[in-house]
Amino acid sequence: MDHLIRKVIFDAEYFQPGVAVYLETEETKQQGLIYTYCEDELTILKIRDVMTADNQMQVEPAQIQIHVSEVERNDIKIYRIDDSRSTNREKLTTVCEKLTRSYMALSSSLSEQERLLAEQKAVEDAYKKKMAPYKAKEKEDYKRFFAKDNENKQLMFYSESSGFYKYYRGMIEELLENSDIVIHYVTSDPEDQVFQIRHERFKAYYIGEIKLITLMMKLDCDIVVMTMPDLETYHIKRSYVRKDMEYIHVPHSIDSMNMTYRKGSIDHFDTIFCVGPHHKDEVEKMEETYDLPHKVLLNWGYCLLDDMRKDYESKEKVINEQKTILIAPSWQEDNIVDSCLEDILQKLRATGYKVIVRPHPQHVRHMPEKMQLLKDKFAEDKNIEIQTDFSSNDTVFNADLIITDWSGIAYEYAFTTLRPVLYINTPMKIMNPEYEKIGVVPINIFMRDSIGCSLNLDQLDRVADEATRLIEQRDLYHDKIDAFVKQYVYHLGTSAKVGANYIKLRLKQIHSEE
């Protein structure tokens, strides 16, 4: 394609390095937009008059709106330079070459974006087709939830999907066994495992994400327990009909809240079940920094970790004749799989260890072709296995070492087995750009060299040596990791009872005040 440019004006006050380029499209004709080139980026400006009476472009720089990548581009035509006022032809040529490269890169990016959007649409269509048969169940459960004989609710748990029950399980079992409280469990997964629970005081309902909006606004209940953050900041609101309900947030990770949660995501909860002192410190500092109302901060612990440690202790320990390393990346931009996996595998080949790559489930779901290519590439290597079956955690807990980036699997592995972790310092996933403002270093960061060691991407030539060292010295890490867990996780082994007792106490207080 011949990429040509027509209209160019110089105005250093408006554009740096001082060049605006007019690109004609059907969209610009209809909407009065022009594309400009500025500082190696394509940007869209809204203008009053594309051309003035004397055939000059008139631009209002204060009206810069959006980046070109956010606008659908159809048959963009870039016209030849043809301006007698141009005094710096060399500069213009350089700018035009940069613009052409930028345009071509954006076009390539757009093609990839279109492919991903098509893939996303296919997934969404398949999901809608899968959910269609459950519409009747949702309607029936919604009606049952608000039925006259189901009023005076005391306690409700909300779960986004079946996988979240594990964060509540210990507390729910404790409440069912040692109280007379009726538990109303709302899930947005029609195939949630909780529908298999048979107990007269456990009532499960399927409410999809759209219908959930209305249910939450009409909710009348003493206490609501949620792992989902962002209450009130997005589509899920506090009740419109009752203002004195207590909303409890249960973290589904040991991660620091100030970095891995969006800013303001827990501001509208009344109570936070804190995994450890780092959570308590973070919430208090957030309240102080942003002048927020004080919340109830319960020294809780982490039910899932208690369950994993109990399960691990009850199993016979596996001693691998061939030492085994598990590579378990996160699902975020520039994770191990997308940035350095093959380099790491090549380096580890020299150790003679068994290396199992267990990609994040989202990798398998969204990039099946890439996963198959990996399998094919290492099919003949008996020491390398690409594992995409996630039905068992035995692979995790039987490994002699885990290599990860920022995945929460590091906590589960190290805090359960008391074995070290080798971290690869890929770019962090930062949900809150202001996380440093409260002055608390996230546990995600300072923990890395406390329960193992970390390597930067330019230090991967050391990965084999560090892996060998950590495996050989894992007994030295045992007590260190054990001490770390006890310092940063409250009530090890009894968090379910702690959480359940708080709920029982609060319900007793609420009803004694009536």
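Calculation notes
- Residues numbered from 1 in each chain as written.
- Predicted model: local features only at pLDDT ≥ 70, side-chain atom pairs only at ≥ 80, totals over all residues.
- Heavy atoms only, no water.
- Pairing = 2+ DSSP bridges.
- Helix = DSSP H or I, 4+ residues; strand = E, 2+ residues; numbered from the N terminus.
- Axes fitted to C-alpha atoms, helices over the stretch in contact; angles between N-to-C directions.
- Buried < 20%, exposed > 50% of the residue type's maximum accessible area, 1.4 Å probe, protein only.
- Parallel < 35°, antiparallel > 145°, perpendicular 65-115°, else oblique.
- Contact = heavy atoms within 4.5 Å.
- Nonpolar A, V, L, I, M, F, W, Y, C, P; charged D, E, K, R; others polar.
- Expected span 1.5 Å × (residues − 1).
- Core = buried A, V, L, I, M, F, W, Y, C linked by side-chain atoms within 4.5 Å.
- Salt bridge = Lys/Arg side-chain N within 4 Å of Asp/Glu carboxyl O.

### Notes on the sheet that holds strand β17 (residues 384-386)
Spatially, the 6 strands line up as an open sheet ordered β17-β16-β15-β18-β19-β20, and their pairing is parallel. The open sheet has two free edges, formed respectively by β17 and β20 (452-456), since each of these has just one partner strand. Taken pair by pair, the neighbouring strands of this sheet meet at an average axis angle of 20°, ignoring direction. Pairing between strand β18 (residues 401-404) and strand β19 (residues 421-425): 3 bridges, direction parallel.

### Side note on the pairing of strand β12 (residues 246-249)
Burial along β12 is two-sided: Glu246 and Ile248 and Tyr247 and His249, pointing in opposite directions, are all buried. Sheet topology note: the strand β11 (residues 221-226)/β12 ladder contains 4 bridges and is parallel. Bridging across to β12, Met226 finds its partner in His249. Direction of pairing for β12 relative to strand β13 (residues 271-274): parallel, over a ladder of 2 bridges. Counterpart to His249 in the pairing with β13 is Ile272.

### Focus on the packing of helix α4 (residues 165-177) against helix α8 (residues 303-314)
Interhelical geometry of α4 versus α8 gives an angle of 85° and a closest axis separation of 7 Å. It follows that α4 is roughly perpendicular to α8 by the angle criterion. The residues of α8 that touch α4, namely those facing Lys166, Tyr167, Arg169 and Met171, are Cys303, Leu304 and Asp307. Classifying every residue of the contact of α4 with α8 gives 4 nonpolar, no polar and 3 charged.

### Some words on the sheet that holds β13
What holds strands together in a sheet is hydrogen bonding between their backbones, with the strands either parallel or antiparallel. The 7 strands lie next to each other as β10-β9-β8-β11-β12-β13-β14, forming an open sheet whose pairing is parallel. In this open sheet, the two edge strands, each paired with only one partner strand, are β10 (202-206) and β14 (296-299). Across the sheet, the axes of successive neighbouring strands diverge by a mean angle of 20°, strand direction being ignored. Relative to β10, strand β9 (residues 183-187) runs parallel, the two being bridged by 5 bridges. Across the sheet, residue Tyr185 finds its bridge partner in β10, namely Ala204. Lying over the sheet, helix α18 (residues 495-512) contacts β8 (153-159), β11, β12, β13 and β14, oriented at roughly 160° with respect to β11.

### Some details on α18
Over its 18 residues, α18 extends 26 Å from the first C-alpha to the last, a length consistent with the 26 Å expected when each residue adds 1.5 Å. Residues Ser495, Ala496, Val498, Gly499, Ala500, Tyr502, Ile503, Leu507 and Ile510 constitute the buried set of α18.

### Quick notes on the nonpolar core
In terms of nonpolar packing, the biggest core is built from 95 residues, with Phe157, Ile327, Ile403, Phe415 and Ile503 touching the most fellow members. Once residues within four sequence positions are removed from consideration, Phe415 is found in contact with Ile254, Leu305, Arg309, Ala410, Met447, Ile451, Ile481, Phe484, Val485 and Val489. Formed by 31 residues, the second largest nonpolar core is a distinct cluster that contains Met156, Val186, Leu231 and Ile266.

### Concerning the pattern of salt bridges
A full pass over the atoms with the stated rule returns 25 salt bridges. Between Asp141 and Lys137 there is a salt bridge, and its shortest N-O distance comes to 3.3 Å. With Asp141 and Lys137 both in helix α3 (residues 135-145), this residue pair falls 4 residues apart, about one helical turn. Assessed through its relative accessible area of 25%, Lys137 is described here as partly exposed. Measuring nitrogen to oxygen at the nearest pair gives 3.8 Å for the salt bridge that ties Glu385 to Lys354. In this pair, Glu385 sits in strand β17 while Lys354 sits in strand β16 (residues 354-357), placing the two residues 31 residues apart along the sequence.

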